[in-house]
Amino acid sequence: MPLVAFVSPKGGVGKTTIAANVAALLAARGHDVIGLDLDPQNALRMHLGLSIRDEDGFASGLPRSGAWHASLRHTSYGLGILPHGSMEPRQALDLSRLLMDHPEVLADPVREMLTDPRRIVVVDTPPGPSPALSALLPLLDLAVVVLLADGGSASLIPQVADGRFLGRGTMAARVAERAAMVLNQVDLDQPLSAAVLDMAHDALGPRLLGVVARDPAVAEALADRRLPVEVAADRAAEDLSMLAEAVLGRLSLPRPNGATQSVLHQWGLRR
Ligand SMILES: Nc1ncnc2c1ncn2[C@@H]1O[C@H](COP(=O)(O)OP(=O)(O)OP(=O)(O)O)[C@@H](O)[C@H]1O
Ligand SMILES: [Mg+2]
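I will try to describe carefully the structure that is included in this document. Just so it is clear, the model here is predicted, and its values are computed rather than measured.

This part is about the site of ligand 1. Taken together, 18 residues surround ligand 1, and among them G12, G14, K15, T16 and T17 come closest. Between ligand 1 and V13 there is a distance of 3.0 Å, counted from an oxygen atom to a backbone nitrogen or oxygen. Within the side chain of T17, one N or O atom sits 2.5 Å away from an oxygen atom of ligand 1. Calculation on ligand 1 without its partners gives an accessible area of 640 Å², and the protein chains cover 79% of this total. The pocket occupied by ligand 1, as judged from atoms lying within 2 Å of grid points, is the largest pocket. Of all the elements in the fold, those that place two or more residues in the shell around ligand 1 are α1 (15-28), β7 (179-186), β8 (208-213) and α11 (216-223). No other element matches α1, which puts 3 residues into the shell around ligand 1. By residue class, the composition of the shell around ligand 1 is 6 nonpolar, 8 polar and 4 charged.

Here we come to the pattern of salt bridges. Tallied over the full model, the rule gives 8 salt bridges. Between D187 and R214 there is a salt bridge whose closest N-O contact spans 3.9 Å. Here D187 is found in the loop between β7 and α10 (191-204), whereas its partner R214 is found in the loop between β8 and α11, with 27 residues between them in sequence. The class for R214 is partly exposed, based on a relative accessible area of 36%. Connected through salt bridges with shared partners, the residues R90, D94 and R97 form a single ionic network.

Across the 7 residues that make up strand β6 (residues 142-148), a large majority, 7, are buried. Here β6 shows no split at all, with L142, V144, V146 and L148 on one side and A143, V145 and L147 on the other all buried. Note: strand β1 (residues 3-7) against β6, 4 bridges, orientation parallel. Bridged to A5 within β6 is A143. Relative to β7, β6 runs parallel, the two being bridged by 6 bridges.

This part is about the packing of α1 against helix α12 (residues 235-250). Close contact between α1 and α12 brings their axes to 9 Å; oriented N to C, the two are set at 70 degrees. Here α12 runs roughly perpendicular to α1, going by the angle between their axes. Every residue of α12 that contacts α1 at I18, N21, V22, L25 and L26 is listed here: L240, S241, L243, A244, V247 and L248. The class makeup of the residues in the contact of α1 with α12 is 9 nonpolar, 2 polar and no charged.

Let us look at the environment of R250. Structurally, R250 can be placed in helix α12. Judged by its relative accessible area of 37%, R250 is partly exposed. Sequence separation between R250 and A180 is 70 residues; the distance between their C-alpha atoms is 9.6 Å. Once residues lying within four places of it in the same chain are set aside, the contact partners of R250 are L142, A180, P206, R207 and L209.

Our focus in this paragraph is unusual backbone geometry. Trans is the common state for peptide bonds, and a negative phi is the common state for residues other than glycine. Residue P63 follows L62 across a cis peptide bond; omega there is 15 degrees. Mapped onto the fold, P63 is located in the loop between α2 (44-47) and α3 (68-71). Not every positive phi belongs to a glycine, and Q185 is a case in point at roughly 60 degrees. Tracing the backbone through its elements, the reader meets Q185 in strand β7.

Conventions adopted
For every chain, the first residue of the written sequence is number 1, and numbering continues from 1 along that sequence. The naming scheme follows written order: chains are lettered A onward, ligands numbered 1 onward. Reporting of local features is limited, given that this is a predicted model, to residues whose pLDDT is at least 70; pairs of side-chain atoms are given and counted only at 80 or more, and all residues count toward the totals for whole chains, interfaces and linings. Calculation of side-chain values draws on the structure's entire complement of heavy atoms; hydrogens and water are dropped beforehand. Whether a residue is near a molecule or strand depends on its heavy atoms: if one lies within 4 Å, it is near. Polar contact is defined as a pair of N or O atoms within 3.5 Å, subject to the rule that within protein one atom must be able to donate a hydrogen and the other to accept it, and that residues adjacent in sequence are counted only when both atoms are side-chain atoms. For accessible areas, the Shrake-Rupley method is used with a probe of radius 1.4 Å. Any residue's cover is judged against the shown protein chains and nothing else. Lining residues are defined by having an atom within 4 Å of a point belonging to a cavity or pocket. Those points lie on a 1 Å grid over the protein atoms alone, cavities being sets where a 1.4 Å probe fits but cannot get out and pockets being open sets with protein on both sides within 12 Å along at least five of seven lines. In this scheme, a molecule is assigned to a cavity or pocket if more than half of its atoms are within 2 Å of the grid points. Secondary structure counts use DSSP, requiring at least four H or I residues in a row for a helix and at least two E residues in a row for a strand, with both numbered from the N terminus. Residue type decides the class: Asp, Glu, Lys and Arg count as charged, Ala, Val, Leu, Ile, Met, Phe, Trp, Tyr, Cys and Pro as nonpolar, and the leftover types, Gly among them, as polar. Here, a salt bridge means any side-chain nitrogen of Lys or Arg that lies within 4 Å of a carboxyl oxygen of Asp or Glu. Per-residue accessibility, obtained with a 1.4 Å probe over protein chains only, is compared with the maximum for each type, and a residue is labelled buried under 20%, exposed over 50%, and partly exposed between these values. For two strands to be treated as a pair, DSSP must find no fewer than two bridges joining them. Where helices are involved, their axes are fitted lines through C-alpha atoms of the stretch in contact, as for all axes, and angles between N-to-C directions lie from 0 to 180°. Here is the rule for angles: anything less than 35 degrees is roughly parallel, anything more than 145 is roughly antiparallel, 65 through 115 is roughly perpendicular, and the remaining ranges are oblique. By definition, residues are in contact when any of their heavy atoms lie within 4.5 Å.

Here it is as structure tokens:
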């Protein structure tokens, strides 16, 4: 039932990487997970091992109703994915306009996905505000804001803390109450990185949901078409595992059936 979105006022901060890994870890714990890609970059599918030749998608197929079942792809990580689908710039503009005028063309099928109480829908979003994210705001249980441990992100922490990054108005304020933050690419050997982590901790307290180390294995894993959590030696893998636990802790969910613990052991992660 829960809807979790990885969002950020900034691009290139690790939303897709973290969304893919958290979604796969939740599936490995036995949850019924759908990864939903709302970013026209259509990148979530690459992290989850889909063929790049498959260019169809759920978002690019809107407003066909009832089409999400047909767009659902199964991954070797035990979760389903609704790829965005590839689009020409003109089509992306048309889709944005459609979602601004008729947010229900996206909200209705997502609401249908969420009728299953065991299902978690994990959404990857484009950077900054988007009509797709706005369409789903009323349904969101958890907005995980991803920022980097650098100067540019540090200046945005106050906006995250008071919810301004989601826009103005009552709905944005309501979602801000359900927002938490992840600081990505933290390197404690770098004084600036450590200082940004301290600042985020002071500003957000328990709303700082997790911290992910900077680790070259993260980019290498993508090039290798594997997830960082599959690479046991990866420093970021344990951080991602702890983040998945923290996300679960924020959601009220029935216990999963038959968690696939063997996958976690295979990935070298404790449970
Ligand atoms: N913890 C990390 N350590 C090292 N590199 C990382 C880490 N997290 C992400 N990266 C790298 O940072 C780059 C951006 O990551 P990603 O594409 O997930 O960001 P994004 O926020 O989804 O970007 P966009 O805004 O374009 O959608 C990628 O090359 C990724 O491999
Ligand atoms: Mg992305």
